[in-house]
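# Close look at the chain arrangement
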Amino acid sequence: MALAMGSVAFLSMAPMAVAEPVAAPAVAPMSPQAALDDLKAGNRRFANDELREAKLGSKRRIQLSQAQHPMSVVLTCSDSRAAPEIIFDQGLGEIFVVRVAGNVGGPEVYASIEYAVAELKAPLVVVLGHSHCGAVATALKAKELPSYNLKLLIGLINVGENLPNNPEMALAAAIRNNVREQTLYLTQQSEIIRRAARSGQIMIVPALYDLESGHVTWGNPADRSLPEIVDAPADAAVAMPADVAK
Ligand SMILES: [Zn+2]
């Protein structure tokens, strides 16, 4: 997709020269499904305490200074417990991360994802919510917020309708609804993302991260639906969710 991305070109400014240039590694284009499979495998390693040796060393760093080819874009919450590079067991340069409390969209968020899709050719976009999300919990409470900025942010969270009366179940449903809505907004609010999704250049997948088990549950890329497992009690048996993304 050839694009005139003047508004985001500043992000691809030439890197600073390094004393001993190291050639950027050759990168074969990855299919959306292969990128998704890679994140799934990484999350299984993380959840099972089988992290690989992370690609974080100086050699990798210098290689990446020449170019980046992230295999996926992850829009997720700023929550300190939901860091994508960690929960997907990835190294430097592998995930293009956009983080904002409540994993909500907005012009800056959509533009960042557009850049990753159009310029960096990342084949996969994941919208990742998580259990016990404080931002979504705040959106459920009708309480006064201390700043205009917070009101604006919380107002972007879409908790959905007809939530259960039980507070824990209501939060779980609201988190799920918000991920689904934020996923749908990507193609509604961005022509670049919409075209890339329609052409098959990218796949957009909703997902939920469970803080206790470490498992990510994957939603259906076709209708953006998500199974109901988030916010399971900590002592509940951890069941591998049905994998509906394949
Ligand atoms: Zn959160």
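Residues numbered from 1 in each chain as written. Predicted model: local features only at pLDDT ≥ 70, side-chain atom pairs only at ≥ 80, totals over all residues.

## Describing the overall build of the chain
- Counting its secondary structure elements, the chain contains 8 helices and 5 strands.
- Helices and strands appear in the chain in the N-to-C order α-α-β-α-β-α-β-α-α-α-α-β-β.
- When the 246 residues of the chain are sorted by exposure, 37% land in the buried category.
- By sequence separation, contacts in the chain at least 24 residues apart represent 71% of the contacts at least 6 residues apart. (Helix = DSSP H or I, 4+ residues; strand = E, 2+ residues; numbered from the N terminus. Buried ≥ 20, exposed ≤ 12 C-beta atoms within 10 Å, placed from the backbone. Contact = placed C-beta atoms within 7 Å.)

## Observations regarding unusual backbone geometry
- Look at Asp-89: it is not a glycine, yet its phi comes out positive at around 50°.
- Given 20 C-beta atoms within a 10 Å radius, Asp-89 is considered buried.

## A word on the sheet that holds strand β2 (residues 95-99)
- The 5 strands lie next to each other as β2-β1-β3-β4-β5, forming an open sheet whose pairing is mixed. Two strands lie at the open edges of the sheet, namely β2 and β5 (216-218), each paired on one side alone. Strand after strand, the sheet turns through a mean of 25° between neighbouring axes, direction not considered.
- Alignment of strand β1 (residues 72-76) against β2, held across 5 bridges, turns out to be parallel. The residue of β2 that forms the bridge with Leu-75 is Val-98.
- Packing against the sheet, helix α7 (residues 167-189) makes contact with β3 (124-130) and β4 (203-209), and its axis sits at approximately 160° to β4. (Pairing = 2+ DSSP bridges. Axes fitted to C-alpha atoms, helices over the stretch in contact; angles between N-to-C directions.)

## Considering the pairing of β1
- In terms of burial, β1 is largely enclosed, as 5 of its 5 residues are buried.
- In β1, alternate side chains face the same way, and those of Ser-72, Val-74 and Thr-76 on one face and Val-73 and Leu-75 on the other are all buried.
- Here β1 runs beside β3; their pairing, made up of 5 bridges, is parallel. Within β3, the position partnered with Val-74 by the bridge is Val-126.

## As for helix α1 (residues 32-47)
- A rise of 1.5 Å per residue sets the reference length of α1, with its 16 residues, at 22 Å; its end C-alpha atoms lie 23 Å apart and thus fit the reference within 8%.
- Looking at α1, one finds that the buried residues are Pro-32, Ala-35, Leu-36, Leu-39, Gly-42 and Asn-43. Projected down its long axis, α1 shows its buried positions confined to an angular sector of 125°, all on one face.
- Packing partners of the buried residues in α1 comprise β1, α3 (84-87), β3, β4 and β5.
- Backbone geometry just downstream of α1 places Asp-49 in the positive-phi region, at approximately 55°. (Expected span 1.5 Å × (residues − 1). Arc of directions from axis to C-beta.)

## As for the nonpolar core
- Membership of the largest hydrophobic core comes to 54 residues, with the highest contact counts inside it found for Val-73, Ile-113, Val-117, Leu-124, Val-125, Val-126 and Ala-207.
- When residues no more than four places from it in sequence are discounted, the contact partners of Val-73 are Phe-96, Val-98, Ile-113, Ala-116, Val-117, Ala-122, Leu-124, Val-125 and Val-126. (Core = buried A, V, L, I, M, F, W, Y, C linked by C-beta atoms within 7 Å.)

## Focus: the confidence of the model for the chain
- Summing up the model confidence of the chain, the mean pLDDT is 86 and the portion of residues at 70 or higher is 81%.
- Predicted confidence is poor over residues 1-19, with pLDDT under 50, and the contacts of this stretch with residues over four places away or in other chains come to 18 contacts.
- Taken together, the stretch residues 230-246 has pLDDT below 50 and engages in 30 contacts with residues farther than four places along the chain or on a different chain. (pLDDT = per-residue confidence, 0-100.)

## Overview of the environment of Leu-156
- Turning to its location among the elements, Leu-156 is positioned in the loop between α6 (148-155) and α7.
- The spatial distance from the C-alpha of Leu-156 to the C-alpha of Gln-182 is 9.1 Å, given a sequence separation of 26 residues.
- Here Leu-156 is in contact with Gly-102, Val-104 and Gly-106, once residues within four sequence places are set aside.

## A short note on the environment of Asn-48
- As for its placement among the helices and strands, Asn-48 is situated in the loop between α1 and α2 (58-64).
- Linking Asn-48 and His-215, residues 167 residues apart in sequence, is a C-alpha distance of 9.0 Å.

## So, the packing of helix α4 (residues 107-118) against helix α8 (residues 191-199)
- One way to put it is that α4 packs onto α8 with a least axis distance of 9 Å and a crossing angle of 40°. In terms of axis orientation, α4 runs oblique to α8. Crossing handedness for the pair α4 and α8: left-handed. Contacts from Ile-113, Glu-114, Val-117 and Ala-118 of α4 reach α8 at Ile-192, Ile-193 and Ala-196. (Parallel < 35°, antiparallel > 145°, perpendicular 65-115°, else oblique. Left-handed = near helix turned anticlockwise from the far one by under 90°.)

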